[in-house]
Amino acid sequence: CAVALGTDTLASIRQPAAFCGVVGLKATHGLASIANIIPVSTTLDHVGPLARSVGDAALVLQAIAGYDPEDSVSIETAIPSYTAALNARTSELRIGLPREPYYQALDPEIERATSAALEVLADISGGSREVTLPSAPGFDVVLAEAYEYHRQYIDDPRNETLYAPATRARIEAAGEFTSAEYIEAIRELALARHSIQNVFEQVDLLVTPTTAVVPTTIANAEVPDTATGAESSARNTAPFNIYGIPTISVPCGFTRFGLPIGLQISGPRLGEPAVLALAHAFEQATRWHREKPPIA
């Protein structure tokens, strides 16, 4: 297909995009409506396109962006031309590199591909500098929102086999948080969303590897109790759900076994035009979006 929609609470647009060699875009929280999507956490949930190119992702965002009174987190804002933004100049965009923890403990092949990508970005941007991002707290507690929605189904014995054991256990654990803990988590999350904006006084965009690890095998993924591994693979993506800022994953290489690798570009709240501009410029300066992983 030309394009598909994904939902992203922790990583689930950008990680599949990185693992499959396509583009995945999570816009500013509330820019595209999540009404009628089965929620994990309305505070963190996003919807967005997975596409073959940055241009196709921009076309879809143009169609889905906008205020929806049926969505409790929808925001009212002027919608610019995302397709026009694709060809904006990128030579003056300042790039921030949050080394810790986003560049730590990387798979060697992801580290190699990211380093090569940063060399390309150096030629098409206004340079880079290291930055420190604020902490992104509260994810586990905010999962209490998942419990609020799913409890009616989990409490019904007829649905016991319809939830993966790890998913069911996490939702049930989230139901143990108190209202005071939840309110404090929401407060901390709001402060994180304020604080991340301060970073963009120093730089225009942030660049990280999309994931720190390469995809696991199906056999390994089916092993019970793999939550730790799943969280490790989402380490570089989850904070941007907390921040609620636009983030895109674009192809930036392959491992020696032909597994795709993704590069993540993030911008300030409602900074989609600059995110799309740099992602498109990188795409046009490289060949990765035109190459397909071998399927045997």
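For the structure itself, consult the block above.
Quick notes on the rules
- Residues numbered from 1 in each chain as written.
- Predicted model: local features only at pLDDT ≥ 70, side-chain atom pairs only at ≥ 80, totals over all residues.
- Heavy atoms only, no water.
- Phe/Tyr/Trp six-rings, centres within 6.5 Å; stacked < 30°, edge-to-face > 60°.
- Helix = DSSP H or I, 4+ residues; strand = E, 2+ residues; numbered from the N terminus.
- Buried < 20%, exposed > 50% of the residue type's maximum accessible area, 1.4 Å probe, protein only.
- Lys NZ or Arg CZ within 6 Å of the ring centre and 35° of its normal.
- Pairing = 2+ DSSP bridges.
- Arc of directions from axis to C-beta.
- Contact = heavy atoms within 4.5 Å.

Visitor: When you look at the packing of aromatic side chains in this model, what are you seeing that I'm missing?
Guide: The description of an aromatic ring pair uses the distance of the two centres, along with the angle that the planes make with each other. Enumeration over the complete set of coordinates arrives at four aromatic pairs. Measuring from ring centre to ring centre gives 5.9 Å for Y149 and Y153, while their planes differ by 45°; the resulting arrangement is tilted. Note that Y149 and Y153 are positioned in helix 7 (residues 144-154) at a spacing of four residues, about one turn of the helix. Residue classification places Y153 among the partly exposed positions, given a relative accessible area of 33%. Arranged with centres 5.8 Å apart and planes meeting at 80°, the rings of F240 and Y243 form a pair that is edge-to-face. One end of the pair, F240, and the other, Y243, are both in helix 12 (residues 238-243), three residues apart, so they sit about a helical turn from each other. Aromatic rings pair up to connect Y102, F240 and Y243 into one cluster. Taking the ring centre of W288 as reference, the NZ or CZ of R287 above it sits at 4.1 Å.

Visitor: Any chance you could explain the pairing of strand 6 (residues 205-209) here in plain terms?
Guide: Remark: a regular strand shows side chains that alternate across the two faces of the sheet. A large share of strand 6 lies buried, amounting to five of its five residues. When strand 4 (residues 95-97) meets strand 6, the two strands line up parallel, connected through two bridges. For I95, the partnering residue across the bridge sits in strand 6 and is L205. Bridge analysis of strand 6 against strand 8 (residues 260-266) gives four bridges, and the strand direction is antiparallel.

Visitor: Quick question: what am I supposed to make of helix 8 (residues 165-174) here?
Guide: An α-helical turn contains 3.6 residues, so any two residues separated by three or four positions project in the same direction. For helix 8, the full list of buried residues reads R168, I171 and A174. The arc that holds the buried residues of helix 8, viewed along the axis, is 130°, so those residues lie on one side. With respect to the buried face of helix 8, the exposed residues turned more than 90 degrees away are P165 and A166. Tucked inside the fold, the buried residues of helix 8 contact helix 7.

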